[in-house]
Structures are given as C-alpha cells and as structure tokens.
Amino acid sequence: MIPPAFDYTRPATVDEAVRVLADAGEDAKVLAGGQSLLPLLRMRLAFPELVVDVGRIPALRGVREDGDTVVIGAMTTHHDVIHDPLVRRHAGLLASATATVADPAIRHRGTLGGSLAHADPAGDLPAVVLALGGELVAQGPGGQRTIPARDFFVDYLQSSLAPDELLTEVRVPKTEGWGFHYEKFHQVAQSWAIVGVATLVRRDDGHIAEARIGLSNMGSTPLRASVTEEALSGAGDAEAVARAAESAAEGTRPSQDTSASPEYREHLARVLTRRAVLVAAGMG
C-alpha cells in the first residue's frame with residue numbers, strides 16, 4: 001500500500017532535530033531505522049505531515065561506559081548492540097535478546113532507540129530494558145530528562161516521550177556476575193513473540209538471591225513478573241523455581257488475538273519463565 005504524502009527533513013544535530021520537532025508538534029514522526037515507522041506508513045496507520053530522519057546524527061550512535069552503567073546511543077543498530085564488546089560483557093541479556101529480533105536485514109537497519117520508542121509490548125527489547133532496570137534519556141526544548149524504563153512505557157504503542165522530545169540514549173546498569181536468559185515463543189521464525197521472558201538471576205551460596213523478570217506481550221506495556229521475582233528469593237532447586245514460576249502471569253492482562261487467547265498466553269508465561277530462570281540460574 002502507498003503511504004500518505006508527507007514532508008521530509010534530515011537534521012544534522014540533536015539540537016536541530018529538537019527544534020524541528022518543537023515547531024511541528026504532533027504532526028511530526030521521527031524516522032530512526034524505519035523498521036517500525038515504515039510499515040505503519042504503508043498500512044496508513046500513521047499520518048504524519050512531517051517525517052524527521054535522525055539517521056545521520058553521529059551523536060546518537062555508539063556505546064560507552066559511565067561508571068557502573070553502559071550508555072547506548074538511541075540510533076545504535078541492533079547489529080552493533082549484538083556485537084559491541086561493552087554490551088556483551090556488561091549487559092549480556094540485551095545482546096542475547098537483540099540477536100533474536102526479526103532477521104539480519106532488519107537487525108542491520110533497526111535501532112535500539114527506535115524499538116523502544118515504538119513501545120510495542122510484543123517487541124523483544126522493551127521487556128529486556130525493563131528487566132535490566134534501564135533508563136532512557138530524552139532531549140527537548142527545555143533540555144534533557146532521564147526516564148526510568150518502568151515509567152517510559154505508557155500504553156500500547158505509547159511512550160512518555162513528548163512530541164517535541166527526541167530519545168537520545170539508553171542507560172543500563174552493568175550486570176556482570178548475573179546469569180541471564182531470554183526465552184520467547186513464536187509461531188514462525190522471525191515473527192513477533194506470542195510471549196517473551198527476559199530474565200536476570202543473581203545467585204549466592206547456591207541459591208537465588210535476586211531475580212528480575214520482564215514479560216513481553218502480556219499487557220498493553222511490558223511488565224515485570226514481580227510476584228515471581230519475590231517468590232524466587234532463596235530458591236535453590238528446580239522444584240522451587242517451578243513453584244515460583246506458577247505466579248508469573250499474576251497482575252498481567254494479556255490480549256485476545258488471532259495468535260493466542262489470554263489463557264494460553266498466561267500458560268506460556270509460566271512455562272517460559274520456568275525455563276528462563278532455570279537457564280539463567282544454571283539449574284537447567
């Protein structure tokens with residue numbers, strides 16, 4: 001399908017992009033890698049008067065350390081996230097989950113910031129950044145602000161970014177020493193996950209001391225399986241993990257669609273959480 005007509009601009013700096021967005025207001029859409037926006041345009045689910053292409057702004061790319069935090073530019077591609085040595089060493093869950101996104105062609109074009117700003121609860125990376133306890137940095141006319149991942153995702157395809165703000169970087173705490181695993185179930189290769197589970201586990205003296213679990217496609221935003229996280233404290237064997245995983249769907253509101261019923265998604269959340277935790281904890 002042919003998208004509706006729109007104007008196009010390609011700013012060279014973050015400040016210029018913010019000025020353009022502020023002038024255009026809600027009539028503008030940001031184009032990052034294009035793997036989320038372009039399908040919406042073709043299906044006529046988005047009708048921007050102006051598309052702001054931020055793909056040529058060097059300051060939005062790259063990975064660096066900032067103390068106990070890994071800082072990733074919003075325009076860093078999935079491919080670069082997967083292969084960056086800092087991400088692989090300090091935020092292995094993010095690298096592992098990103099490697100499951102779609103196919104190589106999309107991973108070479110799609111960006112971390114674009115995926116998060118799209119705020120699709122079925123996406124792989126929002127739940128991962130939520131589990132990591134990440135923060136997202138946005139820049140607007142009034143300067144920068146830092147948004148915790150738990151506050152960034154507002155509703156289906158809605159983030160807390162204002163129309164005149166640009167997502168500039170993603171900050172995730174270093175998780176060296178934590179076990180991790182990303183588990184998802186999808187019907188065909190490269191399709192959206194029916195349910196995804198992002199898991200981090202820290203062990204102490206053979207038992208789980210702390211667990212963080214992010215769920216995708218279990219509501220209108222990515223969610224934390226907080227009841228299961230608490231139940232896993234002190235778990236030392238597979239049976240204890242299985243018992244804790246039975247509460248993985250508590251507090252969720254999965255949708256009904258052609259892929260799965262809410263009840264089936266709840267079942268998948270329990271099964272995938274058990275598998276992910278066992279692998280992350282080195283018990284399976």
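Parameters and conventions
- Residues numbered from 1 in each chain as written.
- Predicted model: local features only at pLDDT ≥ 70, side-chain atom pairs only at ≥ 80, totals over all residues.
- Heavy atoms only, no water.
- Salt bridge = Lys/Arg side-chain N within 4 Å of Asp/Glu carboxyl O.
- Helix = DSSP H or I, 4+ residues; strand = E, 2+ residues; numbered from the N terminus.
- Phe/Tyr/Trp six-rings, centres within 6.5 Å; stacked < 30°, edge-to-face > 60°.
- Buried < 20%, exposed > 50% of the residue type's maximum accessible area, 1.4 Å probe, protein only.
- Lys NZ or Arg CZ within 6 Å of the ring centre and 35° of its normal.
- Axes fitted to C-alpha atoms, helices over the stretch in contact; angles between N-to-C directions.
- Left-handed = near helix turned anticlockwise from the far one by under 90°.
- Contact = heavy atoms within 4.5 Å.
- Nonpolar A, V, L, I, M, F, W, Y, C, P; charged D, E, K, R; others polar.
- Arc of directions from axis to C-beta.
- Patch = residues over 30% accessible without salt bridge, like charges linked within 9 Å, V, L, I, M, F, W, Y side chains within 5 Å.
- Areas by Shrake-Rupley, 256 points an atom, 1.4 Å probe, with all protein chains shown as cover.
- Lys, Arg positive; Asp, Glu negative; His and termini not counted.
- Charge placed at Lys NZ, Arg CZ, Asp CG, Glu CD.
- Pairing = 2+ DSSP bridges.
- Core = buried A, V, L, I, M, F, W, Y, C linked by side-chain atoms within 4.5 Å.

1. Digging into the pattern of salt bridges
Stage number 1. Considering all chains together, one arrives at 13 salt bridges under this definition.
Stage number 2. Salt-bridge contacts for Glu-176 lead to Arg-89; the nearest nitrogen and oxygen are separated by 3.2 Å. Taken together, the residues Glu-176 in the loop between strand S10 (166-173) and strand S11 (179-185) and Arg-89 in helix H4 (residues 85-90) connect sequence positions 87 residues apart.
Stage number 3. Overlapping salt bridges bring together Arg-64, Asp-66, Glu-169 and Arg-171 as one network.

2. Things to note about the packing of aromatic side chains
Stage number 1. Counting across every chain of the model gives two aromatic pairs.
Stage number 2. Judged by centre distance (5.1 Å) and plane angle (85°), the rings of Phe-152 and Phe-153 are edge-to-face. In terms of burial, Phe-152 and Phe-153 fall into one category: buried.
Stage number 3. Note on Phe-185 and Tyr-264: the rings are 6.4 Å apart at their centroids and 85° apart in plane angle, and the pair reads as edge-to-face. In this pair, Phe-185 is assigned in strand S11 and Tyr-264 in helix H12 (residues 262-280), connecting sequence segments 79 residues apart.
Stage number 4. The class for Phe-185 is partly exposed, based on a relative accessible area of 32%.
Stage number 5. Here Tyr-264 falls in the partly exposed class, since its relative accessible area comes to 34%.
Stage number 6. In this structure, Arg-212 packs its charged tip against the face of Trp-178, placed 4.5 Å from the ring centre.

3. A few points about the packing of helix H11 (residues 238-245) against H12
Stage number 1. Put simply, H11 and H12 touch, their axes get as near as 9 Å, and they point 145° apart. Here H11 and H12 pass one another in a crossing that is right-handed. Here Ala-238, Val-241, Ala-242 and Ala-245 of H11 lie close against H12, whose contacting residues are Arg-270, Thr-273, Arg-274, Val-277 and Leu-278.
Stage number 2. Across the contact of H11 with H12, the residue classes break down as six nonpolar, one polar and two charged.

4. Description of the side chain of His-78
Stage number 1. Summarising the element assignment, His-78 is placed in helix H3 (residues 78-83).
Stage number 2. Excluding residues that lie within four positions of it along the chain, His-78 makes contacts with Thr-98, Val-101, Ile-106, Arg-107, Gly-110, Thr-111, Leu-112, Ser-115 and Leu-125.

5. Concerning unusual backbone geometry
Stage number 1. Of note in this structure, Leu-157 is not a glycine but carries a positive phi near 60°.
Stage number 2. On the basis of relative accessible area, Leu-157 is assigned to the partly exposed category, the value being 33%.
Stage number 3. Positive phi is not limited to glycine here, since Asp-205 has a value of about 55°.
Stage number 4. Along the chain, Asp-205 falls in the loop between strand S12 (195-204) and strand S13 (207-216).
Stage number 5. Overall, Asp-205 belongs to the exposed group, its relative accessible area being 70%.

6. Thoughts on helix H1 (residues 14-24)
Stage number 1. All buried positions along H1 are accounted for by Val-14, Ala-17, Val-18, Val-20, Leu-21 and Ala-24. Along the axis of H1, the buried positions cluster into a sector of 160°, meaning they face one direction only. Residues of H1 that are exposed and point more than 90 degrees away from the buried face comprise Arg-19 and Asp-23.
Stage number 2. Elements in contact with the buried residues of H1: strand S1 (7-9), strand S2 (28-31), strand S3 (50-53), strand S6 (135-140) and S10.
Stage number 3. Where H1 ends, the next residue or the one after it, Gly-25, has phi of about 65°, a positive value.

7. Considerations on a negative patch on the surface
Stage number 1. On the surface, Asp-7, Glu-26, Asp-27 and Glu-49 cluster together to form a negatively charged patch.
Stage number 2. Structurally, Glu-26 is set in the loop between H1 and S2.
Stage number 3. Taking relative accessible area as the criterion, Glu-26 reaches 72% and is therefore assigned exposed.

8. Remarks on the sheet that holds strand S4 (residues 63-66)
Stage number 1. The antiparallel open sheet is built from five strands, whose spatial order is S4-S5-S10-S6-S7. The outermost strands of the open sheet, each flanked by one partner alone, are S4 and strand S7 (143-148). The mean inter-strand angle of the sheet, taken between neighbouring strand axes irrespective of direction, is 25°.
Stage number 2. Along the sheet face, H1 touches S6 and S10 and points at about 125° away from the line of S10.

9. Some remarks on the nonpolar core
Stage number 1. Judged by nonpolar contacts, the single largest core of 33 residues is most densely connected at Val-87, Leu-94, Leu-112, Leu-116 and Val-128.
Stage number 2. For this core, the secondary structure elements donating two or more residues are strand S5 (69-73), helix H5 (92-98), helix H7 (112-118), helix H8 (124-132), S6, helix H9 (149-152), S10 and S12.
Stage number 3. By residue number, the principal contributor to this core is H8, which donates six residues.
Stage number 4. Residue contacts for Val-128: discarding those within four places in its chain leaves Leu-93, Leu-94, Ala-97, Tyr-182 and Ala-198.
Stage number 5. Counting residues in hydrophobic clusters, the runner-up holds 25 residues, among them Val-197, Val-201, Met-218 and Ala-235.

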